[in-house]
Every structure is written in structure tokens, then in C-alpha cells.
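Next come the chains, spelled out residue by residue.
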Amino acid sequence: MLIWFVVFIAAMISSSKSRDQDYMVAITGVTGLDDLASATGDEPSLSPVFNLTVRIDNSGNTLHRACVYGLSTAVVSYGDAFLGKGSVPPFCAEKEEVQERAATAWGQGVVVPQFLRERLAGEMKRGEAAVDVQVTSESTDRVLVCSEVKIGGDHAPCRREEVYRRSAPAADGSTASA
Ligand SMILES: *[C@@H]1O[C@H](CO)[C@@H](O)[C@H](O)[C@H]1NC(C)=O
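Residues numbered from 1 in each chain as written. Predicted model: local features only at pLDDT ≥ 70, side-chain atom pairs only at ≥ 80, totals over all residues. Heavy atoms only, no water.

For the protein, an unreviewed UniProt entry supplies the name Late embryogenesis abundant protein LEA-2 subgroup domain-containing protein and the organism Digitaria exilis.

Another point: unusual backbone geometry. Notably, Asp 80 is not glycine yet its phi reads approximately 75°, a positive angle. Position of Asp 80 relative to the elements: it lies in the loop between strand S5 (72-78) and strand S6 (81-88). Residue Glu 148 is not a glycine yet carries a positive backbone phi of 55°. Mapped onto the fold, Glu 148 is located in strand S11 (residues 142-150). Glu 148 gets classed as exposed once you look at its relative accessible area, which sits at 59%. (Helix = DSSP H or I, 4+ residues; strand = E, 2+ residues; numbered from the N terminus. Buried < 20%, exposed > 50% of the residue type's maximum accessible area, 1.4 Å probe, protein only.)

Another aspect to go through is the pairing of S6. Here seven bridges tie S5 to S6, and the two strands are oriented antiparallel to one another. Residue pairing for S6: Tyr 78 is matched across the bridge by Ala 81. Between S5 and S6, which pair antiparallel in sequence order, lie two residues; one of them, Gly 79, sits at a positive phi of approximately 55°. (Pairing = 2+ DSSP bridges.)

What follows concerns the state of the cysteines. Between two cysteines, a covalent bond joining their sulfur atoms is known as a disulfide. Counting across every chain of the model gives two disulfides. Disulfide pairing is shown between Cys 67 and Cys 92; the S-S distance is 2.0 Å. Residues Cys 67 and Cys 92 are joined by a disulfide whose S-S torsion is about 100°; by sign, that bridge is right-handed. Of this pair, Cys 67 sits in strand S4 (residues 66-68) while Cys 92 sits in strand S7 (residues 91-93), and the two are 25 residues apart along the sequence. Since its relative accessible area comes to 23%, Cys 92 is described here as partly exposed. Here Cys 146 engages in a disulfide with Cys 158; their sulfurs sit 2.2 Å apart. Its S-S torsion of about 95° marks the bond between Cys 146 and Cys 158 as right-handed, since a negative value means left-handed. Of the two residues, Cys 146 is situated in strand S11 and Cys 158 in the loop between strand S12 (156-157) and strand S13 (159-162); the sequence distance between them amounts to 12 residues. By relative accessible area, which is 1% here, Cys 146 ends up buried. Disulfide partners in the protein, listed by the sequence order of the bonded cysteines, are 1-2, 3-4. (Disulfide = S-S within 2.5 Å.)

As a further point, take the pattern of salt bridges. One pass over the structure, following the stated rule, counts six salt bridges. A salt bridge links Glu 94 to Arg 65; the nearest nitrogen and oxygen atoms lie 3.1 Å apart. In this pair, Glu 94 is assigned in the loop between S7 and strand S8 (98-106) and Arg 65 in the loop between strand S3 (49-57) and S4, connecting sequence segments 29 residues apart. The class for Glu 94 is partly exposed, based on a relative accessible area of 37%. (Salt bridge = Lys/Arg side-chain N within 4 Å of Asp/Glu carboxyl O.)

Moving on: the nonpolar core. Among the nonpolar cores identified, the biggest contains 37 residues, and Phe 50, Val 131 and Val 133 are the most heavily contacted of them. With four residues, the top contributor of residues to this core is S3. Those residues in contact with Val 131 that sit more than four places away from it in its chain are Ile 27, Phe 50, Val 76, Ser 77, Tyr 78, Leu 83, Cys 146, Ser 147, Glu 148, Val 149 and Ile 151. (Core = buried A, V, L, I, M, F, W, Y, C linked by side-chain atoms within 4.5 Å. Contact = heavy atoms within 4.5 Å.)

Time to look at the environment of Cys 146. Placed 12 residues apart in sequence, Cys 146 and Gln 134 show a C-alpha to C-alpha distance of 6.0 Å. What Cys 146 contacts, discounting residues up to four positions off in sequence, is Val 25, Val 131, Asp 132, Val 133, Pro 157 and Cys 158.

And the structure:
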């Protein structure tokens, strides 16, 4: 009886201390962004390749495993301009575990407006360039939104946002509610 009481209290304490998982993304390397400023022509295009890692920090979670489910896609952008995308494999972090997976996001001949190329070139020169990364999964209604991920920097935190699947807008422009 006493033993069960102790186990019960221990479980209470550990669950009250449990913390949800954090998702994070790091850009570990990039090629194809060196000639940003010098790119010329009518529609100069870029073909960047990003090495990135997606991390699940579940170290504070004593209750549940946390996962990136299904086939996910990481999209890298800068100031709303698409730079590249790539697949992220499904993986999980067990209770109190940290796991990460590497992925490659790339773009071929992407056109980035000049004002953004110039801004990015300046940030690259100062070693301050940061991009935005979104990880979407086919099999969940959640998207990881990771803002200001510094190139070559530490893992940056991601917010988890719900994706509401909506029906197409009605012809008169009003949105129909399902
Ligand atoms: C990206 O990762 C690949 C494979 O690990 C490696 O060979 C390559 O050098 C990396 N590139 C950069 C720019 O970090």
C-alpha cells in the first residue's frame, strides 16, 4: 500500500514537471549564395543548396514521445522569396530524448528580387544572414514555422501552427464555412 502511494506521488511529481517538446532548425551550411550581388541580367537566378537539421528537443518531456510524422517538406525562404525545399524523413524523440535529422533543401534557377538579393548579400558579408524555414507534413495539420534561422548559427526555435484546411472561397469572394 505504502509503495503504491510512493509510486503515485512520484508519478504526480514527474508529470507536473513535464514540459512539451521544442522543435528547432539549424542551417549548417549553404552553397550557391556567393554571387548574390554580382548576379546580373534581366532575371538573374540563384541555385542555392542548404544543409539543415531538424531537431526535436523532448528532454523535458517525461510523459510522451514527440515526432515529425510522415514525409515532411522543409521550405527555405528569405523575405517571402522561395529559395529551396527538401524532404525531411519521419523520426521521433522518445521521452527525455533529443533527436535530430539532416536534410538538404535546394532550389534550381530561383528568381529573387534585386532588393532582397542586395539585402541578403549585405547580411552574408556581415555574417548575419538569416532565413525562414517551414516544415510541413502530409500527415498532420501542424506546420513548424522557424523564423530568422541564422546561416551557420545555433538551432533556432520553431512555432507550431495549426493549418486549417478550408474549402475554396465562394465565387462572390466570401469564404464559405464548412
Ligand atoms: C552539406 O552536406 C553534405 C553531406 O553531409 C556535405 O558533403 C557538404 O559539404 C555540405 N555542404 C555544406 C555547404 O555545408
